[in-house]
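Chain by chain, the residues run as shown.
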Amino acid sequence: MSKKRRKFSSGFKAKVVLEALKERQTLQELASKYELHSSQIVNWKKEFLENASGVFEVKSSKQKKEDDTEQSYN
């Protein structure tokens, strides 16, 4: 009997990663709590930290688009 591949929402991943970053529980405890393998949490955490600076870049890029749009209407 094969297992179905589980898919997790980005919100769920963010929740797990933020809890891991708080370091109030060990990775093993979090893995058990969310029924995940600890290496999955490590991978999500690594990806989150690698892309963290993108949060601010997207915001400034979006702001630039809005500024350009406003100028084209004036």
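These numbers were taken from a predicted model, which means no experiment stands behind them. (Residues numbered from 1 in each chain as written. Predicted model: local features only at pLDDT ≥ 70, side-chain atom pairs only at ≥ 80, totals over all residues. Heavy atoms only, no water.)

Colleague: Run through the overall build of the chain, naming residues and quoting values.
Modeller: Secondary structure summary: the chain contains 4 helices and 0 strands in total. Start at the N end of the chain and walk to the C end: the helices and strands fall as α-α-α-α. When burial is assessed residue by residue, the chain has 15% of its 74 residues classed as buried. Counting contacts in the chain only where the partners sit at least 6 residues apart, residues at least 24 apart contribute 42% of the total. (Helix = DSSP H or I, 4+ residues; strand = E, 2+ residues; numbered from the N terminus. Buried < 20%, exposed > 50% of the residue type's maximum accessible area, 1.4 Å probe, protein only. Contact = heavy atoms within 4.5 Å.)

Colleague: Break down the packing of aromatic side chains for me, with residues and values.
Modeller: According to the stated counting rule, one finds 4 aromatic pairs in the structure shown. Both rings, one in Phe 8 and one in Trp 44, keep their centres 5.3 Å apart while their planes meet at 75°; by these two values the pair is edge-to-face. Of this pair, Phe 8 sits in the segment before α1 (10-22) while Trp 44 sits in helix α3 (residues 38-51), and the two are 36 residues apart along the sequence. Residue classification places Trp 44 among the buried residues on the basis of a relative accessible area of 8%. The rings of Phe 8, Phe 12, Tyr 34 and Trp 44 are connected pair by pair, giving a single aromatic cluster. (Phe/Tyr/Trp six-rings, centres within 6.5 Å; stacked < 30°, edge-to-face > 60°.)

Colleague: Explain the environment of Phe 48 to me, and be specific about the residues and the numbers.
Modeller: You can see Phe 48 is positioned in helix α3. Taking C-alpha positions, Phe 48 is 9.4 Å from Leu 18, a pair spaced 30 residues apart along the chain.

Colleague: Let's hear about the pattern of salt bridges: which residues, and what values?
Modeller: Where side chains of opposite charge bring their charged atoms close, a pairing between them can arise. Under the defined criterion, the tally for this structure stands at 1 salt bridge. Salt-bridge contacts for Lys 33 lead to Glu 19; the nearest nitrogen and oxygen are separated by 3.3 Å. With a gap of 14 residues between them, Lys 33 in helix α2 (residues 27-34) and Glu 19 in helix α1 connect regions that are remote in the sequence. Taking the relative accessible area as the measure of exposure, Glu 19 reaches 18% and is therefore buried. (Salt bridge = Lys/Arg side-chain N within 4 Å of Asp/Glu carboxyl O.)

Colleague: An account of a nonpolar patch on the surface is requested, with residue identities and associated values reported.
Modeller: On the surface, a nonpolar cluster with roughly 330 Å² of combined accessible area is contributed by Leu 18, Leu 21, Phe 48 and Leu 49. If you list the elements that add at least two residues to the nonpolar patch, you get α1 and α3. Tracing the sequence through the fold places Leu 18 in helix α1. By relative accessible area, Leu 18 is classed as partly exposed at 43%. (Patch = residues over 30% accessible without salt bridge, like charges linked within 9 Å, V, L, I, M, F, W, Y side chains within 5 Å. Areas by Shrake-Rupley, 256 points an atom, 1.4 Å probe, with all protein chains shown as cover.)

Colleague: Now, about α2: what can you tell me, with residues and values included?
Modeller: Of all the residues in α2, the buried ones are Leu 30, Ala 31 and Tyr 34. Taken around the axis of α2, the buried residues stretch over an arc of 100°, which confines them to a single face. Opposite its buried face, α2 presents the exposed residues Gln 28 and Ser 32, each directed more than 90 degrees away. Where α2 is buried, its residues contact α1 and α3. A positive backbone phi angle near 55° is found at Glu 35, which sits one or two residues after α2. (Arc of directions from axis to C-beta.)

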